[in-house]
Amino acid sequence: MATNKKLNFPKRKKKKSRQQNKMGKAPGTISYMGDKERGDSLIYSTTYNADGFETKEFKDLEVFIKEERAEKISWINIVGISDEPFIEKLGKHFNLNPLVLEDIVNTEQRPKIDEYDDYIFAVFRMLYITEEDEIVGEHVAIVLHENTVLVFQEVKEDVFDGLRGRITGKLGRIRSRGADYLFFALLDAIVDNYFLAVENLNNRIEILEEEVYNNPEPIVAKNIQQLKKEVLKIRRWIFPVKELISRLIDTDNPLITKDTKLFLRDVHDHTVEINESLQIYREMSMSLMEMYMSNMSNKMNEVMKVLTIMASIFIPLTFIAGIYGMNFDHMPELHYEYGYQVVWVVMIVLFIGMMIYFKKKKWL
Amino acid sequence: MATNKKLNFPKRKKKKSRQQNKMGKAPGTISYMGDKERGDSLIYSTTYNADGFETKEFKDLEVFIKEERAEKISWINIVGISDEPFIEKLGKHFNLNPLVLEDIVNTEQRPKIDEYDDYIFAVFRMLYITEEDEIVGEHVAIVLHENTVLVFQEVKEDVFDGLRGRITGKLGRIRSRGADYLFFALLDAIVDNYFLAVENLNNRIEILEEEVYNNPEPIVAKNIQQLKKEVLKIRRWIFPVKELISRLIDTDNPLITKDTKLFLRDVHDHTVEINESLQIYREMSMSLMEMYMSNMSNKMNEVMKVLTIMASIFIPLTFIAGIYGMNFDHMPELHYEYGYQVVWVVMIVLFIGMMIYFKKKKWL
Amino acid sequence: MATNKKLNFPKRKKKKSRQQNKMGKAPGTISYMGDKERGDSLIYSTTYNADGFETKEFKDLEVFIKEERAEKISWINIVGISDEPFIEKLGKHFNLNPLVLEDIVNTEQRPKIDEYDDYIFAVFRMLYITEEDEIVGEHVAIVLHENTVLVFQEVKEDVFDGLRGRITGKLGRIRSRGADYLFFALLDAIVDNYFLAVENLNNRIEILEEEVYNNPEPIVAKNIQQLKKEVLKIRRWIFPVKELISRLIDTDNPLITKDTKLFLRDVHDHTVEINESLQIYREMSMSLMEMYMSNMSNKMNEVMKVLTIMASIFIPLTFIAGIYGMNFDHMPELHYEYGYQVVWVVMIVLFIGMMIYFKKKKWL
Amino acid sequence: MATNKKLNFPKRKKKKSRQQNKMGKAPGTISYMGDKERGDSLIYSTTYNADGFETKEFKDLEVFIKEERAEKISWINIVGISDEPFIEKLGKHFNLNPLVLEDIVNTEQRPKIDEYDDYIFAVFRMLYITEEDEIVGEHVAIVLHENTVLVFQEVKEDVFDGLRGRITGKLGRIRSRGADYLFFALLDAIVDNYFLAVENLNNRIEILEEEVYNNPEPIVAKNIQQLKKEVLKIRRWIFPVKELISRLIDTDNPLITKDTKLFLRDVHDHTVEINESLQIYREMSMSLMEMYMSNMSNKMNEVMKVLTIMASIFIPLTFIAGIYGMNFDHMPELHYEYGYQVVWVVMIVLFIGMMIYFKKKKWL
Amino acid sequence: MATNKKLNFPKRKKKKSRQQNKMGKAPGTISYMGDKERGDSLIYSTTYNADGFETKEFKDLEVFIKEERAEKISWINIVGISDEPFIEKLGKHFNLNPLVLEDIVNTEQRPKIDEYDDYIFAVFRMLYITEEDEIVGEHVAIVLHENTVLVFQEVKEDVFDGLRGRITGKLGRIRSRGADYLFFALLDAIVDNYFLAVENLNNRIEILEEEVYNNPEPIVAKNIQQLKKEVLKIRRWIFPVKELISRLIDTDNPLITKDTKLFLRDVHDHTVEINESLQIYREMSMSLMEMYMSNMSNKMNEVMKVLTIMASIFIPLTFIAGIYGMNFDHMPELHYEYGYQVVWVVMIVLFIGMMIYFKKKKWL
């Protein structure tokens, strides 16, 4: 059996996995885990208060650090996290714990919210739907200081465009509120996009449902399994968020005001709803598979019925024909004047009898 | 495989989903999420106390607001929630939080009960059975103030007719009690109708059960799956209510009197019972599917038996006939005087032997 | 598909269900929910203390109310609960909350124990096995006052005969103890009978197990499903009792003495055990269905083997016979002196070869 | 259908079950529930301290009671519990609650540990493997007094021989410690034997696994189901023990010293481990059944392939032979000189073509 | 049936299992449970502080004990735990509880962390991937004293090489921190390697997935079941760790500094993530089996279609040929000039009709 097993589990080309690269390093070591090409990081800074706002772009960290940000609320958006020394320097400037920096560049990090002495650190997955209708999950890390919110993301694409519009357009309350409201608004934007992911899954389930009923090909089974896997994957990204926000609502950390907690409660409701949907989709994809199996059985039944009807009708008739094809010297029926006709009559009667029998069994 | 996948998930006509419309908007933005045609809202106001009651209908919000409602209990029933400015104005009049208004018009809102400083806000699904025996779930939002209960619903149809009769007819205790009792009575009416939904599901399970035993067509499997989905959907509307009421019973909010809590305990018992039923229906629909599969196997077995019996009997007989249909010059049997008769005897013996064999195997 | 659906869910004769009758009525409305014919209620009163006991039967409520019951313990047994005015009057006499009266006549009421200011109200299902070996569940409501225990039941049949014998025969401690011990003893009798129900289920599982192994007919599958449903139904009656008794043990209600709690702990142990059994039966009925399916597959395999063996052996032989039944002018074999014999030899060799092949495959 | 049902559930010979015998009796009634033949009880008493030990055997309870046991630790082993008056008298001597005595003779009692004012009462199942490699569970009840441990068992066979050896041989700490250590040691011996039961189950799963792969006969399916049932049964005996010991560790009962609790923690770890194993075995037996079903499908596939290949090859060939067996006056082919040979060639080509086709489909 | 059962469960060669050897021994008895050959133990001692480090190897316990270790942090690595007297002597030197020593040599010990008065004792499984891509789990026991960490392992191979490098190379913080940081670092190294195990499982699932789709042989089903078992086994080693670390974070034991707890929180996050992965793999392996079954059904369908098409086409044609092979004296068709040709035309029409029919059914 050992040989067989090796056939089934060929040794993979021993490209060192990212996980393996990390082995044996000290905790707090900053090492980028993503699969994007390494490149420079860019800093987009948006500072605002009720009176106005200012947007700047920095390529050089030193320049950024010298900049004064005073009493305004700052949203510092770092795009590109593969440049580890850059992250480390920035981290020192904002006084971040090495463990935090490690998690910022660990693109496989599970969603988490950790409270430190003077900041709150959060990691989420932001989900968005691509042109090809696929759900993509991007790692995003958020640090909330008293007046500053740092957002780390791998690529420029994100789910915060609406939020940017609200700041620049002075829509809603955002400009007149603190950094914690901005933190909430980011979280809200991320969770709102979870609804789109859920909607996307729902569409796919509906399409698969139709396929299962009308056209149960093996490819449909494969797609159902793929869907199941995707639901599992997305659930893993979304599920912890519910608990995390719930704990954030209960915290007595002064960084989060009571007002903002009211809004967080709303986000929490959304995460509950999304998790319920995912749970239902899981059950529905199981039902789909069941349905697929039952339709397969059905088709088999149909095939077998055709075979059985054909064989049951024609094998006995062929037997009769065989009888009178025998070459015995003494076969009186062969010499009857209407022998041949009588045989035909017998055969037709048999045929009709069979048809009635199968009709009664509802096989026809 | 990629092409196949695209075949299975065709891009849907990119009608923007309601969810997408909401993306990027600030929380507390009032935007109607339902699928009813937009139209004017109507206000039905019922004020009453132990001495009497008065019913009025308003089309104009301004007129309504000017109206005095004094010391009596008021049940303000708003029908039609698609007119967002109307809702906003009304909300201001009653001093409601923007997040509350957002949830009032969000027809997809999950059941919730939120306590605010001077009012309690609740969202439920009211279920009723249509003429076509289908279960319909309508979004209903209730706000309990000290003397006023606001009820927001999308259409005029609701489950409160019995309650209205009790107020106008002065049946039971309702006229002599406070607004919190009215709130309870509304909730009670909603939960009572859940029983009808559960009864409806029960009927359908019973019908499907008979069908599965007597007539296991593929359409039955489809109906079972449909039922499963409906149970999941209804469960989602009903399940949270249990927990919500339980929390309401434990609250120390002065809006809910101790007396009313006793009644709420009764409603809570009902929700527990309904949830148990739904749980059982879920298991039963799974059993139904299992039964369906076993009946399919059964039918297949039967088909195969017919085929096997026919083939096993007539193929050997045909072989014998074939033997004596051969044209060898020297086949002594052909010239025996009773050769033909002997062959018939052999065949009949074989036939009977086979029949006995199958009889013993209980295939006949 | 719509038409199909209607075929499957025909509108039921719109007999108003009991649930529908209750819709819209105020909570606390006393309306009998059972399916027994309405009739008069009878009161059986047993009063006792350590010194003696007295049993009386009343048909007239007024007479009963006038009766003095003094310092003794009274067990008031009301048989027949369909006479609503009777129940209401009795309720007033014993000072019972309208919600309690509603639950007393609600024969669909889920098991519950509610503590009121000066009494404890409990609803259970008592189970007993009929002559036909069927499990019947009867609604029973119990009210514990300081010296009085009220027991409401639909029919005269109950599970308390042993208990009555212990009072009249002065067996055990019962006569020298308070009303709470009587309450416990009633509960104990009810739970003891649950064991009989569980035993009955166990017997049926064992019988079905044998049937599945020896005689897997479709009727067996149906019976397994029936059993599953019954386990679910009974579980629903029994499951809540565990939690209810546990709460009763923890209560600080003075109506329940510490001594009686020790006995209640024993009853609690029994309910735990019964629930465990039901859980196991559920798993076992699932296993039974699995086993049934596997036996069906098995039988199918057997059928297919017979078909395959018969066809595989005789179709090639028939082919050979067919060859020498052809009428070509030039077929040298036909004229060999031993041609016919040679063909027979070939056929027999083929037959034996096939048999050996199938033997080796263990199909024979 | 009703008649069918009766066929399936024949009324069992109405031998009164033990459970039925107990119905209606007062709680605290001592009635033996086991299936061993009733006989006399024997008392084995072992008294010891660090200096020495003494073993005695008593047949007469009176003699035993008169005996002095002084300051030493006593292990009183009662073998045979079917003699109810004996148990009652002994119970009175040791001041045991009637409910305790009831549980001592109730051989169906679920594992429990109850703390009374001056003793701790425990019931367990001790498991051991018989010569036939079957797992047997025996009821054992243990009472811990300050200096005395009572052990009640049905038969002489038990799992305490190693422990006895440690006392008589003065191995380990046991002789220098209190009664609570003896209590722990008994418990430890019982739980240690659970490991043997688990090992036994493991062996059987391994054997069944091999059988499923190599020889998937129906008997294997039956054995898997049997195994499942046994795992359920044993789980029921072992599962509660974990919780019970955990509660014993948390108790502040002075009968259990802090030192002994450290040892109990060890036993608790063992029960956790055993329960985990049982959980895994349950999942594995489910997998086994799944595997069995898949192997059955496999075999069916194989059978069907043989049939399909044989039929697909020889039916067309037979058809060709049939063509030239027709007796038309004008069939030119019949008179060709090499007609017969050509037909053979055609047939052989067809045959080879078919073989290649099936080879390509990997059916051969 | 009894005989059958014995066939299936043959008595195993009664080699006493290690578990049996342990039966009846006193708790705290040190008896090696592993399956490695017994041999001498080696001690590798690494002492270090911020200034430097020293590595020594001891074969003789006495020599080791005499050695002074002063103020430095010591990492004592014991390789080989089968020499029980050695372990006992060492244990006495470090003042370890006999129960701890028992667990150190019990290679089957479940992961645990126990706090004693002046040390913390932990047992884990360290997982690593062998050259053959198999996951191996080795028992490792760790004792944390104030300045010393004892590590007991069965073989020299371990997962701590990276950590050793960090001490000798003075990388990271390790040299300047206390023994509790070393303890954490060991734990971190163990948990990091769990990721490799998880990655290995993931690879295997992916390979099996491809196999299931492309090549659903029985060996694949077997491999899926093997995978399931391995996931269960590994889950059992990893699952408890999450809870253990969580409890360690909450402890107020002075041996663990607040700083180290921050790092432990990180390790805890990792264990949560790993457990989630294992949970997902379990669901995925179940899906794989389902997919395998559906592919099997599929293949069966295909086989049956071929059979049905061949039989349905050629059996009726053979029947027609049989008709005109009969030897009746009076069969007018036989003497028609184009009778033979007409029959051919009829046959070809029938053949084409059949083909169209099957095409329409999508069987071709």
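Everything quoted here is computed from the prediction, not taken from an experiment.

### Description of the domain arrangement of chain A
One can read the domain layout of chain A as domain 1 (25–294) and domain 2 (302–361). Each of domain 1 of chain A and domain 2 of chain A was reduced to a C-alpha centroid, and the two centroids are 75 Å apart.

### Quick look at the pattern of salt bridges
Throughout the structure, instances matching the rule amount to 99 salt bridges over all chains. Residue B:Glu84 is joined to B:Arg38 by a salt bridge in which the shortest nitrogen-to-oxygen separation is 3.3 Å. Of this pair, B:Glu84 sits in helix α4 (residues 84–93) while B:Arg38 sits in the loop between α2 (18–22) and β1 (42–49), and the two are 46 residues apart along the sequence. Note that B:Glu276 is salt-bridged to C:Arg110, the shortest N-O span being 2.7 Å. With B:Glu276 in helix α9 (residues 258–323) and C:Arg110 in the loop between α5 (98–105) and β4 (112–115), the pair connects residues from two separate chains. Neither B:Glu276 nor C:Arg110 differs from the other in exposure class; each is buried. Look at the salt bridges and you will find they share partners, linking A:Asp103, A:Lys112, A:Asp114, E:Arg265, E:Asp266 and E:Asp269 into a network.

### Examining the UniProt feature "transmembrane region" (unreviewed entry) in chain A
Residues and elements named next belong to chain A. Here the UniProt-annotated "transmembrane region" (unreviewed entry) positions come out as residues 306–326 and 338–358. Structurally, residues 306–326 comprises 86% helix and 0% strand, and the distance from its first C-alpha atom to its last is 30 Å. The distance from the first to the last C-alpha atom of residues 338–358 is 30 Å, and the span holds 95% helix and 0% strand.

### Remarks on the packing of helix α6 (residues 161–168) of chain E against helix α7 (residues 179–214) of chain E
Residues and elements named next belong to chain E. Where α6 meets α7, the axes come as close as 9 Å, and the angle between the chain directions of the two elements is 145 degrees. As for the relative orientation of α6 and α7, their crossing is right-handed in sense. In contact with Leu 163, Arg 166 and Ile 167 of α6, α7 contributes Tyr 181, Leu 182, Ala 185 and Leu 186. Tallied by class, residues from the contact of α6 with α7 come to six nonpolar, no polar and one charged.

### Comments concerning unusual backbone geometry
Despite not being glycine, C:Asn95 shows a phi value in the positive range, around 65 degrees. For C:Asn95, the position within the fold is in the loop between α4 (84–93) and α5. In the Ramachandran plot, E:Lys362 falls in the positive-phi region, its phi being about 65 degrees despite a non-glycine side chain. Inspection of the secondary structure assignment puts E:Lys362 in the segment after α11 (339–360).

Cut-offs applied
- Residues numbered from 1 in each chain as written.
- Chains lettered and ligands numbered in written order.
- Predicted model: local features only at pLDDT ≥ 70, side-chain atom pairs only at ≥ 80, totals over all residues.
- Heavy atoms only, no water.
- Domains from an automatic or database assignment.
- Salt bridge = Lys/Arg side-chain N within 4 Å of Asp/Glu carboxyl O.
- Helix = DSSP H or I, 4+ residues; strand = E, 2+ residues; numbered from the N terminus.
- Buried < 20%, exposed > 50% of the residue type's maximum accessible area, 1.4 Å probe, protein only.
- UniProt positions renumbered as here; feature names shortened; annotations may be inferred.
- Axes fitted to C-alpha atoms, helices over the stretch in contact; angles between N-to-C directions.
- Left-handed = near helix turned anticlockwise from the far one by under 90°.
- Contact = heavy atoms within 4.5 Å.
- Nonpolar A, V, L, I, M, F, W, Y, C, P; charged D, E, K, R; others polar.

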